[in-house]
Amino acid sequence: MREVTARARIALPQATCWEKLCDFTRALEYVPGLTSLEVTTEQREGVGASRVVVHETTGAMNETVTEWTEGQGFWMRLHRGEKGPMPPLREAQFRYWLEAQGADACDIVLTLRYALGLGPLGALLDALFLRRTLAKNLLDTALALAEHYETGARVTPEKLAARRARAA
């Protein structure tokens, strides 16, 4: 499995961020390019909770919680129904994780683990652009999540650009 990780500081206590992170509908407020989100299980948190998200460029994808660590984070399996994620990915998992940074702040650490299909072509695509694209998207999502948690407002492209500039 390959892995990319991004991190952003949130100027809120970890417990406050955890309450927000448990709300699966919030992703619509901060994930760049997300156009819709529907929780598809009665279970709203914990292992087995699932949602379908639609992204403007990649379409619909299921996200199902596979591991849950109360107060800290969770892993989700990314898939399209019974199929895996979009090619060239053969398998993908996404982790939301909170790390306390003193009493009044925490970091959100986002991790994408993925396995590639397409043999040598998939490895070449990963080396040429896929890994960098995934890392950039992950960082944008971490920064936007921090912005949304701190302000409570939907993150626009302009707000994300301003947050990027502050983080640089």
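Engineer: What am I meant to see in the layout of surface pockets here?
Structural biologist: Leftover empty space is mapped by rolling, across the atoms, a probe with the size of a water molecule. Its volume calculated, the largest pocket comes out at about 880 Å³. Taken together, 35 residues form the lining of the largest pocket, with His55, Thr58, Met61, Leu134 and Asn137 sitting closest to its centre. For the lining of the largest pocket, the secondary structure elements donating two or more residues are strand 3 (50–55), strand 4 (59–69), strand 6 (89–100), helix 3 (119–151) and helix 4 (157–167). In terms of residues, the lining of the largest pocket owes the most to one element, helix 3, which gives eight residues. Grouping the amino acids of the lining of the largest pocket by side-chain chemistry returns 21 nonpolar, eight polar and six charged.

Engineer: Whenever I open this one, the nonpolar core confuses me. Can you help?
Structural biologist: One recurring pattern in soluble globular proteins: nonpolar side chains tend to sit buried together. Judged by nonpolar contacts, the single largest core of 45 residues is most densely connected at Ile10, Tyr30, Phe74, Tyr96, Ile108 and Leu112. Counting residues per element, this core draws most heavily on helix 3, at nine residues. Discounting chain neighbours no more than four positions away, the residues touching Phe74 are Trp18, Leu21, Phe24, Val65, Glu67, Trp68, Phe94, Arg95, Tyr96 and Trp97.

Engineer: How do you make sense of the packing of aromatic side chains when you look at a structure like this?
Structural biologist: Centre-to-centre distance and the angle between the planes together describe a pair of aromatic rings. Counted under the stated rule, the structure contains six aromatic pairs. Relative to Trp68, the ring of Trp18 lies with its centre 5.2 Å away and its plane at 65°, an arrangement referred to as edge-to-face. Of this pair, Trp18 sits in helix 1 (residues 14–21) while Trp68 sits in strand 4; the two residues are 50 residues apart in sequence, bridging distant segments of the chain. You'll find Trp18 and Trp68 in the same group, each marked buried. Between the aromatic rings of Phe74 and Tyr96, the centroid separation amounts to 5.3 Å while the plane-to-plane angle is 40°, which identifies the pairing as tilted.

Engineer: Can you help me understand the confidence of the model for the protein chain in this one?
Structural biologist: For any part of a model where pLDDT is low, the fine detail of the predicted coordinates should not be relied upon. Averaged over every residue, the pLDDT of the protein chain is 95; residues scoring 70 or more account for 100%. Averaged pLDDT values over the elements of the protein chain bottom out at 94 in helix 3 and peak at 98 in helix 1.

Engineer: Would you mind going over the packing of helix 3 against helix 4 with me for this structure?
Structural biologist: In a pair of packed helices, the angle between the axes and the distance between the axes together describe the arrangement. Across the interface, helix 3 lies against helix 4 with an axial gap of 9 Å and an inter-helix angle of 100°. What the angle tells us is that helix 3 and helix 4 run roughly perpendicular. Note on element contacts: helix 4 touches helix 3 through Leu160, Arg163, Arg164, Arg166 and Ala167, opposite Lys136, Asp140, Leu143, Ala144, Ala146, Glu147 and Glu150. Residues belonging to the contact of helix 3 with helix 4 are distributed by class as follows: five nonpolar, no polar and seven charged.

What counts and how
- Residues numbered from 1 in each chain as written.
- Predicted model: local features only at pLDDT ≥ 70, side-chain atom pairs only at ≥ 80, totals over all residues.
- Heavy atoms only, no water.
- 1 Å grid on protein atoms, 1.4 Å probe; cavity = no way out; pocket = protein on both sides within 12 Å on 5 of 7 lines; lining within 4 Å.
- Points joined across faces, edges and corners; volume = space filled by probe spheres on them.
- Helix = DSSP H or I, 4+ residues; strand = E, 2+ residues; numbered from the N terminus.
- Nonpolar A, V, L, I, M, F, W, Y, C, P; charged D, E, K, R; others polar.
- Core = buried A, V, L, I, M, F, W, Y, C linked by side-chain atoms within 4.5 Å.
- Buried < 20%, exposed > 50% of the residue type's maximum accessible area, 1.4 Å probe, protein only.
- Contact = heavy atoms within 4.5 Å.
- Phe/Tyr/Trp six-rings, centres within 6.5 Å; stacked < 30°, edge-to-face > 60°.
- pLDDT = per-residue confidence, 0-100.
- Axes fitted to C-alpha atoms, helices over the stretch in contact; angles between N-to-C directions.
- Parallel < 35°, antiparallel > 145°, perpendicular 65-115°, else oblique.

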